[in-house]
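Coordinate analysis (summary)
Residue-level listing of the chains:
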Amino acid sequence: MRSLRLRRATALLAALPLALWPGLAPAQPPREVAAPEAMASRDGDVAALRADLVAELARAGLVGRGEPVAAFSWTLEQKRPARSARRIDERFAGTPAGAPAGLSPMVRMVTSPKPRGPRAGVSVRGLMVVRPGDDELEVRVEGLVFPLEAGARFRLSWVDEDGSLSQECVAGALVAASRAHPAIPGGARMVECSGRGRYHGIGVRVGASVLYLVALGVFLTVDERIDSPIGRLRGGNRVLSFAAGPG
């Protein structure tokens, strides 16, 4: 019986990084768009977002202040505990004229190991994706202030029917953004997050190392750690390629 419980816990915890860190939150079932030019589709239309949703993002400090999101594209290698790494292409159109800073149409396509997409949406500084018709946020943010300075603190929380997590994040030193990839310009603010939560009744401690890429206006999770009853699990993202400007 103990062995069965351990296998079940292992299977559940293997999915935790995808569920508990906003940059890797579980996606809704994939929906194909007509073509890679889906930047113009309704799913990626910033102006079509619900006004109350945008207002909530503004209250959280995510949009309306700080740097606009730049137009760029990159390929990420997403490392997942107990699973094969996943390769993802993302194209950001940049914050449209007149739209709140922090929002950008974005198209994401998984290219391996199981190709999926492309699918359009509106990226919120790389932390989450929202779409017209969404009436709530998958991630809650409190106390985030731009420009992001050393020593600044903010809180991230996530709740759904499977569990909950709360993390406190602290901004640190400004380093070269080339730390993430040689072609990324400008600086990057280091951010360390730590917290705890429960998933299907299993208590976990969670930590993450994040870069806020100033010139791009987005966050990138480079390392995440989950301490569970079965040991430490790790995941994160690595930038394989980067190109500035519209894709």
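It should be noted that the structure appears before, not after, this text.
Quick summary incoming for the structure in this document. Please read all numbers here as calculations on a predicted model, not as lab measurements.

If you look at the biggest cluster of nonpolar residues, it comprises 30 residues, and the most contacted ones within it are Leu 62, Leu 148, Phe 154 and Phe 219. Taken together, the elements giving at least two residues each to this core come down to helix 3 (51–59), strand 4 (116–124), strand 5 (128–130), strand 7 (153–160), strand 8 (163–176), strand 9 (187–199) and strand 10 (202–213). Beyond its immediate sequence surroundings of up to four residues, Leu 148 is in contact with Phe 154, Ala 171, Arg 189, Val 191, Tyr 212 and Phe 219. Counting residues in each nonpolar core, the second largest holds 19 residues, with Val 218, Leu 220, Val 239 and Phe 242 among its members.

Glancing now at the state of the cysteines. Across all of its chains, the model carries one disulfide by this definition. Residue Cys 169 pairs covalently with Cys 193 via a disulfide, S to S 2.1 Å. Judged by the sign of its S-S torsion, about 110 degrees, the bond between Cys 169 and Cys 193 is right-handed. Placement of the pair is Cys 169 in strand 8 and Cys 193 in strand 9, with a sequence separation of 24 residues. Judged by its relative accessible area of 3%, Cys 193 falls in the buried class.

Right, let's get into the pairing of strand 1 (residues 72–79). When you tally the buried positions in strand 1, you get seven out of eight residues, the bulk of the element. Here strand 1 runs beside strand 2 (residues 86–92); their pairing, made up of seven bridges, is antiparallel. Bridged to Glu 77 within strand 2 is Arg 87. In this sheet, strand 12 (residues 231–244) lies alongside strand 1 in antiparallel orientation, the contact comprising eight bridges. Within the sheet, the bridge partner assigned to Glu 77 lies in strand 12 and is Arg 238.

Looking now at the pattern of salt bridges. For the structure shown, the criterion picks out 11 salt bridges. Between Arg 153 and Glu 168 there is a salt bridge, with the nearest N and O atoms lying 2.6 Å from each other. With Arg 153 in strand 7 and Glu 168 in strand 8, the pair connects residues that are 15 residues apart, well separated along the chain. Residue classification places Arg 153 among the exposed residues on the basis of a relative accessible area of 51%. Taking the relative accessible area as the measure of exposure, Glu 168 reaches 29% and is therefore partly exposed. The salt bridge partner of Glu 192 is Arg 225, with a shortest N-O separation of 3.6 Å. Here Glu 192 is found in strand 9, whereas its partner Arg 225 is found in strand 11 (residues 218–228), with 33 residues between them in sequence. Within the structure, one salt-bridge network assembled from shared partners comprises Glu 192, Asp 223, Arg 225 and Arg 234.

Criteria and thresholds
Residues numbered from 1 in each chain as written. Predicted model: local features only at pLDDT ≥ 70, side-chain atom pairs only at ≥ 80, totals over all residues. Heavy atoms only, no water. Core = buried A, V, L, I, M, F, W, Y, C linked by side-chain atoms within 4.5 Å. Buried < 20%, exposed > 50% of the residue type's maximum accessible area, 1.4 Å probe, protein only. Helix = DSSP H or I, 4+ residues; strand = E, 2+ residues; numbered from the N terminus. Contact = heavy atoms within 4.5 Å. Disulfide = S-S within 2.5 Å. Pairing = 2+ DSSP bridges. Salt bridge = Lys/Arg side-chain N within 4 Å of Asp/Glu carboxyl O.

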